[in-house]
Amino acid sequence: MKVAPVLKGGLRIDVESAMDWMVLRCIPYDARAGGLDLADRVSAPMDGDEGIGDWREFVLPDLRDGFNAQLAAIEAAVDAAGDEDGPGQVFILKEDAELWYGGLNQARLALEERYDLSNAVLAEMTPGKRSAWFRSQFYLHVQSLLLDHVMR
């Protein structure tokens, strides 16, 4: 898989194999891992606080909607790109860059929470953890390209 900037201000992801398609489809899957969404994870430390009722009523729904919109944008772009078995292209348009950045961040945060990747030693990882580490590194790379070439 190759990721490169395009002249119109977005990114193009050149998908070369079924495995590449799987990695792209893992972004929302990784973000939703464990069945607890990011809005709930952000709110969890406040559970005993006095204002948690107001937070859950007034802030949490909009926060959840925003996080879900990020993942929906990624799913829609990957779904619209075409065949899951062969080569294809996924475009991240300039106007969708923040949605992609946020969705990729959700996935990275969830993988870190699940696997403690920042403290992991690559040579000692199980195959599942190693796969999560490589996906997290890919997500970070795409985020870096978004920052460097699209979101400036």
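Please refer to the structure placed before this passage.
Nothing here was measured: the structure is a model prediction, and the numbers come from that model. (Residues numbered from 1 in each chain as written. Predicted model: local features only at pLDDT ≥ 70, side-chain atom pairs only at ≥ 80, totals over all residues. Heavy atoms only, no water.)

Enquirer: Tell me about the overall build of the chain, residues and numbers included.
Expert: In terms of regular secondary structure, the chain is built from five helices and three strands. Viewed in the frame of its principal axes, the chain has a C-alpha envelope of about 50 × 40 × 30 Å. The burial tally for the chain puts 36% of its 152 residues in the buried class. Looking at the chain alone, contacts between residues at least 24 apart form 68% of all its contacts between residues at least 6 apart. Summed over all atoms, the accessible surface of the chain reaches about 8,600 Å², with 55% contributed by carbon and sulfur. On the chain, the mean spot of the 15 positive side-chain charges and the mean spot of the 26 negative ones are 7 Å from each other. (Helix = DSSP H or I, 4+ residues; strand = E, 2+ residues; numbered from the N terminus. Buried < 20%, exposed > 50% of the residue type's maximum accessible area, 1.4 Å probe, protein only. Contact = heavy atoms within 4.5 Å. Areas by Shrake-Rupley, 256 points an atom, 1.4 Å probe, with all protein chains shown as cover. Lys, Arg positive; Asp, Glu negative; His and termini not counted. Charge placed at Lys NZ, Arg CZ, Asp CG, Glu CD.)

Enquirer: For the sheet that holds strand β3 (residues 88-92), give the residues involved together with the corresponding values.
Expert: One open sheet accounts for three strands, arranged β1-β2-β3; its pairing is antiparallel. The open sheet has two edge strands, β1 (2-5) and β3, and neither has a second partner. Shown here is a sheet whose adjacent strand axes are inclined to one another by a mean of 20 degrees, direction ignored. The pairing of strand β2 (residues 11-15) with β3 spans five bridges and is classified as antiparallel. If you follow Leu11 over to β3, its bridge partner there is Ile92. (Pairing = 2+ DSSP bridges. Axes fitted to C-alpha atoms, helices over the stretch in contact; angles between N-to-C directions.)

Enquirer: Break down the pairing of β1 for me, with residues and values.
Expert: Sheet topology note: the β1/β2 ladder contains four bridges and is antiparallel. Pairing of Val3 across the sheet is with Ile13, part of β2. Linking β1 back to β2 in an antiparallel pair, the connection comprises five residues, with Gly9 at a positive phi of about 100 degrees.

Enquirer: Account for the pattern of salt bridges, with residues named and values stated.
Expert: Enumeration over the complete set of coordinates arrives at seven salt bridges. Residue Arg135 is joined to Asp30 by a salt bridge in which the shortest nitrogen-to-oxygen separation is 2.8 Å. Note that Arg135 is positioned in helix α5 (residues 127-150) and Asp30 in helix α1 (residues 18-31), a separation of 105 residues in sequence. Residues Arg135 and Asp30 agree in their burial class; the two are buried. Where Asp40 meets Arg64, a salt bridge forms, and the shortest distance between an N and an O atom there is 2.8 Å. Here Asp40 is found in helix α2 (residues 38-43), whereas its partner Arg64 is found in helix α3 (residues 52-81), with 24 residues between them in sequence. (Salt bridge = Lys/Arg side-chain N within 4 Å of Asp/Glu carboxyl O.)

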